[in-house]
Amino acid sequence: MKNINSKPKHKKSRKSYGDLKKTISLERNLLQSLLDNIPDAIYFKDDKNRIIRVNRFYAEGFKLSSKDIIGKTDFDFFPKDQAQKMFNDDTYILKTGKPIIGKIERTLLPNGTYNCVTTTKIPIKNKKNKVVGTMGVTRDITAYDNTERTNLDMIINSLKVLDKILETKDPYTFGHTRRVSIIAERIAKELSWETNRILELKMSAELHDIGKILIPLEILNKPGKLSDLEYKMVQEHVQQSYDMLKPYSFPSQLPEAIYQHHERLDGKGYPRGLLSDKILPEAKILAICDVLEAMISHRPYRQALGMDVTLKELKENAGFKYDKDIVDVVLRMISENNNKPFWLTSENLS
Ligand SMILES: [Fe+2]
Ligand SMILES: [Fe+2]
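Only a predicted model underlies this, so the values are computations on that prediction, with no experimental measurement involved.

Participant: Report on the overall build of the chain, specifying residues and quantitative values.
Facilitator: A count of helical and extended segments in the chain gives 14 helices and five strands. Over its C-alpha atoms the chain spans a radius of gyration of 29 Å, topping by over 25% the 20 Å that the globule rule assigns to 350 residues. When the backbone C-alpha atoms are referred to their principal axes, the chain occupies close to 110 × 50 × 35 Å. Within the span of the chain, comprising 350 residues, buried residues form 25% of the whole.

Spelled out as structure tokens, the structure:
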């Protein structure tokens, strides 16, 4: 029987080399095919965040050839703020060797419109396990994001219908929640919050005083001073709002944000006397919008307090009761609106 081990050594190694070449060629073709046909933008960058390779989808997105992209950075293709965020992410990966998985962001397209994308970036390491670059995959999820937003809009519109119905019982409270929602949205936009987080904040604002529906109107709108018992009953609306919402599935921390909307940074709020670091950013915004709207508005039991008194309350208590950064945003927006309430338009003056 022929012994296969008796084959000349050089013949065996030549065949292996040929096989190896074929395998490498096949893998290269597969990789190229994957890169060129996958409908996601794929890009490789060096340790200076310069682009060293992109796939066809990436290049076509900019209507450029790969050659026009190689050697450049995100600053050559994106607005400065956006490119800086991308640069920061790449630098984080280069420094830590840790990936960034599924980050959702909005990007400005060459045609001037925005899209919503999810990006995963991973480190590229050499044989010595040193990070020498990054690789990213960005997927367009604009259609999915639009569907999500439409759904959230639908929910918010349903809440507005609910508001309208409840308004027939207590026009003051429910005109108030609508205006608090408008103020909260404007502040969150100034703070560059993500769209979905803003929508959730608006929902929180629309619902924040829902528990007042259980408080007798004679107490809610009583002219003059409330007794201690009556005041306690009004304060109960926070717990009642929370109890109504808690059993249902709401986005993220909506019921908790509502539960905290009368908390103050110094721990002198209610119902739990939480300190600043335990209060959600959403609740910090709601608290300021709530005070702002309530003080500017006429109530059955008192006249509107006016802009000067309201601004004094916010300025004096910024950093004590109210979040200073948010107060600063509010003060700037009011100042830019000639010291008038920026949330009062012809549509929501009621
Ligand atoms: Fe409230
Ligand atoms: Fe309120």
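Participant: Explain the pairing of strand β4 (residues 114-125) to me, using residue names and the numbers behind them.
Facilitator: Two faces, one strand: in a regular strand the side chains alternate between the faces of the sheet. Pairing of strand β3 (residues 100-108) with β4, which is carried by seven bridges, proceeds in the antiparallel orientation. Considered in β4, the bridge of L108 is made with Y114. With nine bridges connecting them, β4 and strand β5 (residues 131-140) associate as antiparallel partners. Within β5, the residue paired with K125 across the bridge is V131. Hairpin connection, β4 to β5: the antiparallel pair is bridged by five residues, and N129 has positive phi, about 65°.

Participant: Provide a residue-level description of the sheet that holds β3, including the pertinent values.
Facilitator: Spatial strand order, β2-β1-β5-β4-β3: five strands in an open sheet with antiparallel pairing. Each having just a single partner strand, β2 (51-54) and β3 make up the two edges of the open sheet. On average, each strand axis in the sheet is inclined to that of its neighbour by 25°, with strand direction left out of account. Where strand β1 (residues 41-46) lies against β5, six bridges are found, and the strand directions are antiparallel. Across the sheet, A41 pairs through a bridge with T138, a residue of β5.

Participant: Lay out the packing of helix α5 (residues 142-167) against helix α7 (residues 195-207) in plain terms, naming residues and giving numbers.
Facilitator: Here α5 crosses α7 at 10°, and the two axes come no closer than 10 Å. Viewed along their axes, α5 and α7 adopt a mutual orientation that is roughly parallel. Pair α5 / α7 crosses with left-handed handedness. Residue-level inspection shows E148, R149, L152, I155, I156, L159 and D163 of α5 in contact with α7, the latter providing T195, N196, L199, K202, M203, E206 and L207.

Participant: Break down unusual backbone geometry for me, citing the residues and quoting the values.
Facilitator: With an omega dihedral of 10°, the bond running from Y270 to P271 counts as a cis peptide bond. As for its placement among the helices and strands, P271 is situated in the loop between α11 (254-259) and α12 (281-296). Positive phi, close to 65°, is recorded for N49, a residue that is not glycine. Its place among the elements puts N49 in the loop between β1 and β2. Although it is not a glycine, N339 adopts a positive phi angle of roughly 60°.

Participant: Which residues make up the domain arrangement of the chain, and what values do they have?
Facilitator: Accessible area lost when the parts come together is the quantity often used to give the size of an interface. Partitioning the chain into domains gives domain 1 (38-140) and domain 2 (148-336). Here the C-alpha centroids of domain 1 and domain 2 sit 40 Å apart.

Procedures and definitions
Residues numbered from 1 in each chain as written. Chains lettered and ligands numbered in written order. Predicted model: local features only at pLDDT ≥ 70, side-chain atom pairs only at ≥ 80, totals over all residues. Helix = DSSP H or I, 4+ residues; strand = E, 2+ residues; numbered from the N terminus. Rg over C-alpha atoms; globule rule 2.2 N^0.38 Å. Buried ≥ 20, exposed ≤ 12 C-beta atoms within 10 Å, placed from the backbone. Pairing = 2+ DSSP bridges. Axes fitted to C-alpha atoms, helices over the stretch in contact; angles between N-to-C directions. Parallel < 35°, antiparallel > 145°, perpendicular 65-115°, else oblique. Left-handed = near helix turned anticlockwise from the far one by under 90°. Contact = placed C-beta atoms within 7 Å. Domains from an automatic or database assignment.

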